[in-house]
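# Structure assessment
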Amino acid sequence: PGIDPGTPSVQPLHAATRATMFPNIIGHRTWEDLDASIEYLLIGVVESLIGGECHVQVRMLGCSVLAPRCEGEKMQRPCRSVCEAVHKKCSRAFDSIDMAWPYFLDCDRFFVGHQEGCFNPLENMRGERRALHSDLNAALMQFTYYSYNDMIHHLKKIEARCFAVARTYSIGRSMEGRELLVVEFSDNPGEHDLLEPETKFVGNVHGNEVLSRQLLIHLAQYLCTEYLRGNQRIQTLINTTRIHILPSMNPDGYEVATSGRNETDHRDNAENIDLNRNFPDLTSIVYRRHRQKGHRTDHIPIPDSYWFGEVAPETYAVMKWIRSVPFVLSASFRSGDLLVSYPYDLSKHPQGNDTFSPTPDHKVFKFLAGTYANAHQTMFIKNKGCGQRGANSRKGILNGAQRSNFAGGMQDFNYLHTNCFEVTVALGCERFPNEEELFLSWRDNQEALIEFLKAVHRGVKGLVKDENGEGIKGARISVRGIRHDVTSGENGEYWRLLTPGIYILSVSAPCYARAHKRIHLPPNMGKAGRVDFVLRRAIPEGNCTLQTTEAYERFDPHNQCERYTQISAIGQRSGERAKKPWWWYYFALLDGRATTWLLKEY
């Protein structure tokens, strides 16, 4: 007050370490103007928005524009080269929350070259780096139940904080238009790296089984925070594995089950469909064919008749997801028991009795289930289960058909339709435990979740190529004594989960001679063994007739579920909240103006 607007004024910074000058570079004439500005507000909350190391660099870069350095009566501008480096590194963090790169950090407009006497605004970065470790404490997990909007906010915040190794993406929408949002962790987010295995976790399949949803959000927060802390174990896991986490497959059912803490038996989606009974029943096909010579238990096509029944949009989205990503290992999460169950879920007994019904990969599934149960704090302890089914488990693991005999389950579908091995983790007796128990549940499951992810690196992996070094897609990798094959994907890569032992592997492909190798997997192997194959062409290329995969590739051949793509489009257009990012209302409420420069699409 009382300062001539046309006369630059030199005023000390808050920390009293140096002076700044007004008007500043973007035109604020006084500290009061700056303090009331949306630009200053943005710099103040940038940590909450993007987190990670970038928030420190962006804050210091912003301060160099809003409160520029001055010597005597002369203002110094920050260096353009520093701005360009920060923009290159950190612009993706803003992209991940659908926020435009701040206009006042325009490198060409507000920054200058070295020849003009610029200064480096990051010269004190060493001290700020020390502060970064304490900043990570702000990311401590909140052990409370999240609403749908809260969940989306926290997943987006994880993406922003760990933008170098995390991203979010949608696989579709629920019946009521809620997004089925996945958070992915990888050293190359959004891209599949050659021979890097992919794994997934799926939670909240049943609306009233809510613990899994919160547990998987906690896992994503933990992976992000520990990666930034420099936890070598977590960094190695993320750098060698592509991890996909879908915390809520059934967001509509969750909203119904949690409205007013309504602990009902509402497990279905908005159409009253039980999602874990809604997948194609391929297990019955296997049982009908088991006496046929050469019958297969892998890559079984979806029957056309399935599409004329009730197919939920959530099931449809997950099936497309499973078919589009080369998953190797998976777990879905439930409640009502404390154990890990493994395929088959459907009993082989004609009368439907709860009969032990193993897959050809029974040893592998027992190992995978045991990996989780043994790393859990209490699951492996005898009689820790719920009721008679839990008591029947052996060290916290049980064949699915012995636990709850049913058709159309997700874990059977994964195994019989794709290369993916899935188990089901039941997290406890209570479907809706009190919030006070969330921390205890996280403590009990934290190590088990990490150990299970590491199990994707067991067995063998490799490339199947021809004599010219070209990868062969669709080659069948067989293990003698196990009637279940996996197939090679793009570039001829494959993964085959196996327990320690001696095996005979054989690889076949149309028009090529079969190749065999004997392998030994010792018990102490920490990663998958590399076993490559080179196939010799047996039939000249011009005379070769490829085996048709038309039946397998037929997915919704009559467009019975085309309406689900319309649901997704409508959901994206509906409501103001769908048009504006989650952070928009915070700025609009505090600023009272339409700060449209924050929006990428403006």
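Just so it is clear, the structure is predicted and the values come from calculations on it, not from any experiment.

## What to know about the overall build of the protein
- Within the protein, the secondary structure is distributed over 21 helices and 20 strands.
- Across the 602 residues that make up the protein, the buried fraction comes to 55%.
- Sequence separation of 24 or more characterises 74% of the internal contacts of the protein that already satisfy a separation of 6 or more.
- For the protein, the exposed area adds up to about 26700 Å²; of that, 47% sits on carbon and sulfur atoms.

## Structural notes on the nonpolar core
- Core analysis: the biggest nonpolar cluster contains 102 residues, and Phe 185, Trp 321, Leu 368 and Tyr 372 have the highest contact counts within it.
- Top contributing element to this core by residue count: helix H8 (residues 211-229), with 10 residues.
- In this structure, Leu 368 is in contact with Leu 329, Phe 421, Val 423, Phe 452, Ala 455 and Leu 497, ignoring residues within four places of it in sequence.
- Residues Val 65, Cys 79, Ala 93 and Leu 599 belong to the second largest nonpolar core, which totals 44 residues.

## Here we look at helix H17 (residues 438-454)
- The terminal C-alpha atoms of H17 lie 24 Å apart, and with 17 residues this matches the ideal 24 Å at 1.5 Å per residue to within 8%.
- Along H17, the sharpest kink reaches roughly 40°, centred on Asn 445.
- Regarding H17, the residues found buried are Leu 438, Ser 441, Trp 442, Asp 444, Asn 445, Ala 448, Leu 449, Ile 450, Phe 452 and Leu 453.

## Concerning a negative patch on the surface
- There is a patch of like negative charges on the surface, built from Glu 430, Glu 435, Glu 436 and Glu 437.
- The residue Glu 430 is located in the loop between strand E12 (421-428) and H17 in this model.

## A few points about the side chain of Asn 399
- For Asn 399, the location among the structural elements is in strand E11 (residues 397-399).
- With a relative accessible area of 0%, Asn 399 lands in the buried category.
- Residues in contact with Asn 399, not counting those within four places in the same chain, are Tyr 342, Pro 343, Tyr 344, Thr 355, Phe 356, Ser 357 and Pro 358.

## Remarks on the environment of Gly 253
- Structurally, Gly 253 can be placed in helix H10 (residues 251-258).
- A residue is classified by how much of its surface remains accessible, and Gly 253, at 0% relative accessible area, is buried.
- Distance in space between the C-alpha atoms of Gly 253 and Asn 272 is 8.8 Å, their sequence separation being 19 residues.
- The contact partners of Gly 253, leaving out residues within four places of it in the chain, are Gly 207, His 266 and Asp 268.

## What about the packing of aromatic side chains?
- Considering all chains together, one arrives at 24 aromatic pairs under this definition.
- Between Phe 94 and Trp 101, the aromatic rings sit 5.3 Å apart at their centres with planes inclined by 75°, giving edge-to-face as the arrangement.
- Among the residues examined, Phe 94 registers a relative accessible area of 1% and is labelled buried.
- With 5.8 Å between their ring centres and 85° between their planes, Tyr 287 and Tyr 344 make a pair best called edge-to-face. With Tyr 287 in helix H11 (residues 283-289) and Tyr 344 in the loop between strand E10 (337-342) and helix H13 (362-375), this residue pair connects regions lying 57 residues apart in the sequence.

## Topic: the sheet that holds strand E17 (residues 501-508)
- Pairing is antiparallel in the open sheet, where 4 strands are placed in the order E15-E14-E17-E18. Lying at the two open borders of the sheet, with one neighbouring strand each, are strand E15 (482-487) and strand E18 (515-521). Ignoring strand direction, the axes of neighbouring strands in this sheet form an average angle of 25°.
- Judged from the 7 bridges that link them, E17 and E18 form a sheet pairing that is antiparallel. Within E18, the residue paired with Ile 504 across the bridge is Arg 518.

## Details of the state of the cysteines
- Counted by the stated rule, this structure contains 4 disulfides.
- Here Cys 162 pairs with Cys 224 through a disulfide, and the sulfurs are 2.0 Å apart. Its torsion about the S-S bond being 95°, the disulfide of Cys 162 and Cys 224 is classed as right-handed. Here Cys 224 lies in helix H8 and Cys 162 lies in the loop between helix H7 (148-161) and strand E5 (166-173), a separation of 62 residues in the sequence.
- Residue classification places Cys 162 among the buried residues on the basis of a relative accessible area of 2%.

## A short note on the packing of helix H3 (residues 54-66) against helix H4 (residues 80-95)
- Their axes nearest at 10 Å, the elements H3 and H4 cross at an angle of 130°. On the basis of their axis angle, the class for H3 and H4 is oblique. Once H3 is placed against H4, the crossing between them reads as left-handed. Taking contact as the criterion, the partners of Cys 54, Gln 57, Val 58 and Leu 61 in H3 are, on H4, Val 82, Cys 83, Val 86, Lys 89, Cys 90 and Phe 94.
- Broken down by class, the residue content of the contact of H3 with H4 amounts to 8 nonpolar, 1 polar and 1 charged.

## Describing the pairing of strand E6 (residues 179-185)
- The element E6 is extensively covered by neighbouring structure, given that 6 of its 7 residues are classed as buried.
- Counted between consecutive antiparallel strands, the loop separating E5 from E6 contains 5 residues, among which Gly 177 sits at a positive phi close to 90°.
- For E6 and strand E8 (residues 242-246), the ladder comprises 3 bridges, and the chain directions are antiparallel. Residue pairing for E8: Phe 185 is matched across the bridge by Ile 243.

## Things to note about unusual backbone geometry
- Look at the link from Phe 22 to Pro 23: it is a cis peptide, with omega at 0°.
- When you line up the elements, Pro 23 lands in the loop between strand E2 (19-22) and helix H1 (31-35).
- For the bond from Pro 343 to Tyr 344, the omega torsion is 0°, close enough to zero to count as cis.
- The backbone of Asn 204 sits at a positive phi, close to 55°, despite the residue not being glycine.
- For Asn 204, a relative accessible area of 0% gives the class buried.
- The phi dihedral of Asn 272 is positive, around 60°, even though this residue is not glycine.
- Tracing the chain through its elements places Asn 272 in the loop between H10 and H11.

Conventions adopted
- Residues numbered from 1 in each chain as written.
- Predicted model: local features only at pLDDT ≥ 70, side-chain atom pairs only at ≥ 80, totals over all residues.
- Heavy atoms only, no water.
- Helix = DSSP H or I, 4+ residues; strand = E, 2+ residues; numbered from the N terminus.
- Buried < 20%, exposed > 50% of the residue type's maximum accessible area, 1.4 Å probe, protein only.
- Contact = heavy atoms within 4.5 Å.
- Areas by Shrake-Rupley, 256 points an atom, 1.4 Å probe, with all protein chains shown as cover.
- Core = buried A, V, L, I, M, F, W, Y, C linked by side-chain atoms within 4.5 Å.
- Expected span 1.5 Å × (residues − 1).
- Bend = angle between axes of the 7 residues up to and from the residue.
- Patch = residues over 30% accessible without salt bridge, like charges linked within 9 Å, V, L, I, M, F, W, Y side chains within 5 Å.
- Salt bridge = Lys/Arg side-chain N within 4 Å of Asp/Glu carboxyl O.
- Lys, Arg positive; Asp, Glu negative; His and termini not counted.
- Charge placed at Lys NZ, Arg CZ, Asp CG, Glu CD.
- Phe/Tyr/Trp six-rings, centres within 6.5 Å; stacked < 30°, edge-to-face > 60°.
- Pairing = 2+ DSSP bridges.
- Axes fitted to C-alpha atoms, helices over the stretch in contact; angles between N-to-C directions.
- Disulfide = S-S within 2.5 Å.
- Parallel < 35°, antiparallel > 145°, perpendicular 65-115°, else oblique.
- Left-handed = near helix turned anticlockwise from the far one by under 90°.
- Nonpolar A, V, L, I, M, F, W, Y, C, P; charged D, E, K, R; others polar.

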